[in-house]
Amino acid sequence: MSTDGVGAPPGRGRRAAGSGTRDRILDAARAEFAERGYLAASVRAISRRAAVDPALVRHYFGAKSNLFAAANDIPAQPERMVAAVLAVPPEQRGEHLVRSFLAIWDNPPGRQRMRALVASLATQPAELDRFREFLLKEIFGRVVAASGGREQELRASLLVSQIFGLAAVRFIFEAEPLVSTDVEDVVRWVGPTLQRYLDPPED
């Protein structure tokens, strides 16, 4: 796929903000992420595709992680979520992660989007690769890195396995009694497990 600006004839330069600008940026982001993956894609390259200034991309979406979430219809702002997790005391981050995750997905529209997302990841290997990069490096990898210690990649992978195991049983399999268990009870059970992965291992 060409890296020319989406919807902009060559030679006309960058477009100013206006009707359709946000959607054009999202279309450009989807194309760039599809071609290059999450880590290799850049805000500057996306802005070139959309024929807008990079500052305009940041105006609409902020960080690249937020743009990725919007382009994939994820109802969250990852940058804000990670900052909120890191703002709480380290010993409370496991519970905070569970609570934040459930706040995003534990509602009818969120469950529907989660089911669609899992179905898409199961049938599209390239999309699965992009989400792997996004989750392990941008979300859980950053939280583990802030905790320090060894085996950070393994610990981030274990966090993802726990969160998506919870998502599968509660939102997709809808297995009782987990599906109807109160959110704070889920936090009480699952939070300590995530905390174990977050805490730096003892040498």
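Remember, it's a predicted structure, so these values are computed and weren't measured experimentally. (Residues numbered from 1 in each chain as written. Predicted model: local features only at pLDDT ≥ 70, side-chain atom pairs only at ≥ 80, totals over all residues. Heavy atoms only, no water.)

S.K.: If you had to explain the environment of Val-98 to someone new, which residues and values would you point to?
M.R.: Here Val-98 is to be found in helix 6 (residues 93-105). With 90 residues separating them along the chain, Val-98 and Arg-188 place their C-alpha atoms 9.2 Å apart. Ignoring any residue separated from it by four or fewer positions in sequence, one finds Val-98 in contact with Leu-166, Val-186, Val-187, Val-190, Gly-191 and Leu-194. (Helix = DSSP H or I, 4+ residues; strand = E, 2+ residues; numbered from the N terminus. Contact = heavy atoms within 4.5 Å.)

S.K.: Describe in detail the packing of helix 1 (residues 21-40) against helix 4 (residues 64-71), supporting the description with residues and values.
M.R.: Two elements in contact, helix 1 and helix 4, have axes whose closest approach is 9 Å; the angle formed by their N-to-C orientations is 105°. Taken together, helix 1 and helix 4 sit at an angle that is classed as roughly perpendicular. Contact residues: Arg-22, Ile-25, Leu-26, Ala-29, Arg-30, Phe-33, Tyr-38 and Leu-39 in helix 1; Lys-64, Ser-65, Leu-67, Phe-68, Ala-70 and Ala-71 in helix 4. Its residues placed into classes, the contact of helix 1 with helix 4 shows 10 nonpolar, one polar and three charged. (Axes fitted to C-alpha atoms, helices over the stretch in contact; angles between N-to-C directions. Parallel < 35°, antiparallel > 145°, perpendicular 65-115°, else oblique. Nonpolar A, V, L, I, M, F, W, Y, C, P; charged D, E, K, R; others polar.)

S.K.: Let's hear about the environment of Lys-64: which residues, and what values?
M.R.: In this fold, Lys-64 is placed in helix 4. On the basis of relative accessible area, Lys-64 is assigned to the buried category, the value being 18%. Here the alpha-carbon distance between Lys-64 and Ser-180, two residues 116 residues apart in the chain, equals 35 Å. Dropping the residues within four chain positions of it, Lys-64 is found in contact with Phe-33, Tyr-38, Leu-39, Ala-41 and Val-43. There is a polar contact of 2.9 Å between the side chain of Lys-64 and the backbone oxygen of Ala-41. (Buried < 20%, exposed > 50% of the residue type's maximum accessible area, 1.4 Å probe, protein only. Polar contact = N/O pair within 3.5 Å; in protein donor to acceptor, adjacent residues only side chain to side chain.)

S.K.: An account of the packing of helix 6 against helix 9 (residues 152-172) is requested, with residue identities and associated values reported.
M.R.: Two elements in contact, helix 6 and helix 9, have axes separated by 12 Å at closest approach and are oriented at 40°. Between helix 6 and helix 9, the crossing angle belongs to the class labelled oblique. As helix 6 runs across helix 9, the sense of the crossing is right-handed. When helix 6 is examined against helix 9, the residues Leu-97, Val-98, Phe-101, Leu-102 and Trp-105 are found in contact with a partner set consisting of Leu-159, Ile-163, Leu-166, Ala-167, Arg-170 and Phe-171. (Left-handed = near helix turned anticlockwise from the far one by under 90°.)

S.K.: So what about the confidence of the model for the chain? Which residues, and what values?
M.R.: The predicted coordinates should not be examined in detail at positions where pLDDT is low. Confidence in the prediction of the chain, expressed as mean pLDDT, is 89, and 91% of residues score 70 or more. For the chain, helix 7 (residues 108-123) is the element with the lowest average pLDDT, namely 90, and helix 10 (residues 183-198) is the one with the highest, namely 97. (pLDDT = per-residue confidence, 0-100.)

S.K.: Describe the environment of Gln-162, and please don't skip the residues or the numbers.
M.R.: Mapped onto the secondary structure, Gln-162 falls in helix 9. Overall, Gln-162 belongs to the partly exposed group, its relative accessible area being 25%. Separated by 98 residues in the primary sequence, Gln-162 and Lys-64 have C-alpha atoms spaced 25 Å apart. For Gln-162, the contacting residues outside a window of four places in its chain are Val-190, Thr-193, Leu-194 and Tyr-197.

S.K.: Can you tell me about the packing of aromatic side chains, naming the residues and giving the values?
M.R.: Applying the stated criterion across every chain, the model contains 10 aromatic pairs. The interplanar angle of 85° and the centroid separation of 6.4 Å between the aromatic rings of Phe-131 and Phe-134 together place this pair among those described as edge-to-face. Of this pair, Phe-131 and Phe-134 both sit in helix 8 (residues 125-147), three residues apart, which is roughly one turn of that helix. The pair Phe-131 / Phe-134 is uniform in exposure class, with both members buried. Taken together, the ring pairs connect Phe-33, Tyr-38, Phe-68, Phe-131 and Phe-134 into an aromatic cluster. (Phe/Tyr/Trp six-rings, centres within 6.5 Å; stacked < 30°, edge-to-face > 60°.)

S.K.: Outline the side chain of Asn-66, listing residues and values.
M.R.: Mapping Asn-66 onto the fold places it in helix 4. Taking relative accessible area as the criterion, Asn-66 reaches 10% and is therefore assigned buried. A distance of 3.1 Å separates a polar side-chain atom of Asn-66 from the backbone oxygen of Phe-61. Within the structure, Asn-66 has its side chain in polar contact with the backbone nitrogen of Glu-79 (distance 3.1 Å).

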